[in-house]
Amino acid sequence: MATRRIPEPDASPESRWQARARLVPLAPHRGRGPDWACERCGEPWPCPTLRAAPTDAARRATLIPEFSRLTRQAIRDLRGQPGGPDPVAIVRRFLWFLPLSDEEARAVALRLR
């Protein structure tokens, strides 16, 4: 009698995102305050390389908690700099993967201050 192979369950969303993220070397593309520039390419962070990575629902789910924390830090670091972005622009920049209207970005900025 032949044995039937039970298919393995689908990989978790996070592991699927990590597998695709390996195609683009994202680890060196990190940013830190107070200037929030990419450590690798010097572009405003999150840099174009990071933004070019796939942004499906699984990736957004893994990014939201961490990028919300980073957005809060960036608002504190950048809002007082001469010529620096306002909090709404910071929210739109750091949460680029979410379709936020200006009103929604403003509400998020007020909550993260």
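What you see is a predicted model; the values in this text were computed from it and never measured.

The rules behind these values
- Residues numbered from 1 in each chain as written.
- Predicted model: local features only at pLDDT ≥ 70, side-chain atom pairs only at ≥ 80, totals over all residues.
- Heavy atoms only, no water.
- Helix = DSSP H or I, 4+ residues; strand = E, 2+ residues; numbered from the N terminus.
- Buried < 20%, exposed > 50% of the residue type's maximum accessible area, 1.4 Å probe, protein only.
- Areas by Shrake-Rupley, 256 points an atom, 1.4 Å probe, with all protein chains shown as cover.
- Contact = heavy atoms within 4.5 Å.
- Axes fitted to C-alpha atoms, helices over the stretch in contact; angles between N-to-C directions.
- Left-handed = near helix turned anticlockwise from the far one by under 90°.
- Nonpolar A, V, L, I, M, F, W, Y, C, P; charged D, E, K, R; others polar.
- Phe/Tyr/Trp six-rings, centres within 6.5 Å; stacked < 30°, edge-to-face > 60°.
- Lys, Arg positive; Asp, Glu negative; His and termini not counted.
- Salt bridge = Lys/Arg side-chain N within 4 Å of Asp/Glu carboxyl O.
- Polar contact = N/O pair within 3.5 Å; in protein donor to acceptor, adjacent residues only side chain to side chain.

### Quick notes on the overall build of the protein chain
1) Next: What the protein chain contains, in helices and strands, is five helices and two strands.
2) Next: Going residue by residue from the N terminus, the α and β elements of the protein chain occur as α-β-β-α-α-α-α.
3) Next: Per-residue burial for the protein chain yields a buried fraction of 30% across its 113 residues.
4) Next: As displayed, the protein chain has an accessible area near 7,500 Å², and 54% of this comes from carbon and sulfur atoms.

### Comments concerning helix α4 (residues 87-94)
1) Next: Across the eight residues of α4, six count as buried, placing the element largely inside the fold.
2) Next: Those residues of α4 that fall on the buried side of the exposure criterion are P87, V88, I90, V91, R93 and F94.
3) Next: On the buried face of α4, the contacting elements are α2 (48-52), α3 (57-78) and α5 (102-112).

### Things to note about the packing of α3 against α4
1) Next: Two elements in contact, α3 and α4, have axes whose closest approach is 9 Å; the angle formed by their N-to-C orientations is 145°. Classified by chirality, the crossing of α4 by α3 is right-handed. The residues of α4 that touch α3, namely those facing F67, L70, T71, A74, I75 and L78, are P87, I90, V91, R93 and F94.
2) Next: Per-class residue counts for the contact of α3 with α4 are nine nonpolar, one polar and one charged.

### Remarks on the packing of aromatic side chains
1) Next: Summed over all chains, the structure comprises seven aromatic pairs.
2) Next: Taken together, a centroid distance of 6.0 Å and an interplanar angle of 35° make the contact between W36 and W45 tilted. This pair shows no difference in class: W36 is buried, exactly as W45 is.
3) Next: On the basis of an interplanar angle of 80° and a centroid distance of 5.3 Å, the ring pair of W36 and F94 is categorised as edge-to-face. Within this pair, whereas W36 is found in the loop between β1 (31-32) and β2 (37-38), its partner F94 is found in helix α4, the two being separated by 58 residues in sequence. Residues W36 and F94 agree in their burial class; the two are buried.
4) Next: Taken together, the ring pairs connect W36, W45, F67, F94, W96 and F97 into an aromatic cluster.

### Structural notes on the side chain of R93
1) Next: Tracing the chain through its elements places R93 in helix α4.
2) Next: Buried within the structure, R93 lacks any salt-bridge partner; its nearest side chain of opposite charge belongs to D35, at an N-O separation of 7.7 Å.
3) Next: Within the structure, the side chain of R93 is placed 2.7 Å from the backbone oxygen of W36, a separation counted as a polar contact.
4) Next: Separated by 2.7 Å, the side chain of R93 and the backbone oxygen of W45 make a polar contact.
5) Next: Aside from chain neighbours lying at most four places away, what touches R93 is D35, W36, P44, W45, P46, R51, L78 and P85.

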